[in-house]
Amino acid sequence: MSQHTSPATRTAWTPASLLRPWIWSFAAAFLTWATTLAFTGGAGVGGLSQAALTFAAFSVIAGLGQMFVITLGPGNVDLSVPATITLAGTVSMKIMDGQDSLVLAGLLAAILVGIAIGIANYALIKLLRIPPIIATLSMSFIAQSAAIWYNRGIRIKPPELLAQFATGTTSGIPNMALAALALTLPAWWLLERTLYGRWISAIGQSSFAARMAGIPVDGTRFVTYVLCAVLASVCGYLLASFSGGAALNMGAEYLLASIAVVVIGGSAVAGGNSNVPGIWGASLFMFLVVSMLNTYGFGAGPRLVLTGLIIIAVIIAASRPAAGR
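In what follows, the accompanying structure is described. If you're wondering where the values come from, they're calculated on a predicted model, not measured in any experiment. (Residues numbered from 1 in each chain as written. Predicted model: local features only at pLDDT ≥ 70, side-chain atom pairs only at ≥ 80, totals over all residues. Heavy atoms only, no water.)

**Section: the overall build of the chain**
When helices and strands are tallied, the chain shows 14 helices and two strands. In the chain, which comprises 325 residues, the proportion classed as buried is 47%. Taking the contacts inside the chain whose residues are at least 6 apart along the sequence as the reference set, 77% of them involve residues at least 24 apart. (Helix = DSSP H or I, 4+ residues; strand = E, 2+ residues; numbered from the N terminus. Buried < 20%, exposed > 50% of the residue type's maximum accessible area, 1.4 Å probe, protein only. Contact = heavy atoms within 4.5 Å.)

Right under this line is the structure:
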């Protein structure tokens, strides 16, 4: 039987094949974690680990949606993610109005916000032929303005039951990390095991060739932009529940973060290749590097510069194995 084994199967478990781009994001996260603990003498290892898992979870959820869009190929990116997070968090909190009985209604409202924004994004891209970057940026202004109008600056607290879940743990693991994992597994399945996943990869490699092969390019892109917006909305719902209510700037940090975790995680910026595990490594790394620099006492300016340099170094390291292959 072994004589019929394909070359791809025979080399699947070689050491070189294990050096996937996502390995570097996890290696960088572990090194940063260890460096921070070494500086503090090992104090607060549990607290740091739990905080990393908790805050990385939000970047994972937003990054998953962004990864789907970026996989579609050059020029595809969703800049409306931060505003979608804000609007979904705002709408869901106001609808629930602190009542435990409306937790599911709030989640449904957040998802509907995401569906509406995703549809609007693609309508601008397809019907008006606006580049995705411009279309989603325009939609972000509309969504942010809608959040300001709808909420009028009032911070509504989440239902107690939801707040307890968002800030709690299960067997020592933050519930937010478990929620992110629950969304990661279906995302991985979609990309790796379904026809839809093969379609978006094919479109990212060559939209023209995909269309000639009979792939429904327009329908696939439409579903992808809606999926990205829905994941951003779920992120906003969970983030508002965790932080004690929706704030008008709550999604701001996820503009670059949602893109950075995709790139650092090993997905191809040019599209056609996604990497779900890398989203986790990159999200953990980005939180831990900021935590490490805070521990060393760096101010905001030097911290941003060093964060950028460290991210560039990780991206360069991650690209070398691929170049070698």
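**Considering the environment of S201**
Position of S201 relative to the elements: it lies in helix α9 (residues 195-205). Taking the relative accessible area as the measure of exposure, S201 reaches 18% and is therefore buried. Sequence separation of S201 and L72 is 129 residues, and the distance between their C-alpha atoms is 6.6 Å. Sequence-distant contacts of S201, defined by excluding residues within four places in its chain, comprise T71 and G272.

**What about the nonpolar core?**
One finds L64, I85 and L238 to be the most contacted residues of the largest nonpolar core, which totals 84 residues. The element best represented in this core is helix α11 (residues 217-242), accounting for 14 residues. For L238, the residues in contact, after removing those within four places along its chain, are F58, I61, M176 and A179. (Core = buried A, V, L, I, M, F, W, Y, C linked by side-chain atoms within 4.5 Å.)

**A short note on the packing of aromatic side chains**
On inspection of all chains with the given rule, the structure shows eight aromatic pairs. Ring geometry for F68 and Y196: centres 6.2 Å apart, planes at 25 degrees, overall stacked. Taken as a pair, F68 in helix α3 (residues 45-71) and Y196 in helix α9 lie far apart in primary sequence, 128 residues in all. Each member of the aromatic cluster is reached from another via a ring pair, and the members are F55, F58, F242 and F287. Cation over ring: K94 sits above Y150, and NZ or CZ is 4.6 Å from the ring centre. (Phe/Tyr/Trp six-rings, centres within 6.5 Å; stacked < 30°, edge-to-face > 60°. Lys NZ or Arg CZ within 6 Å of the ring centre and 35° of its normal.)

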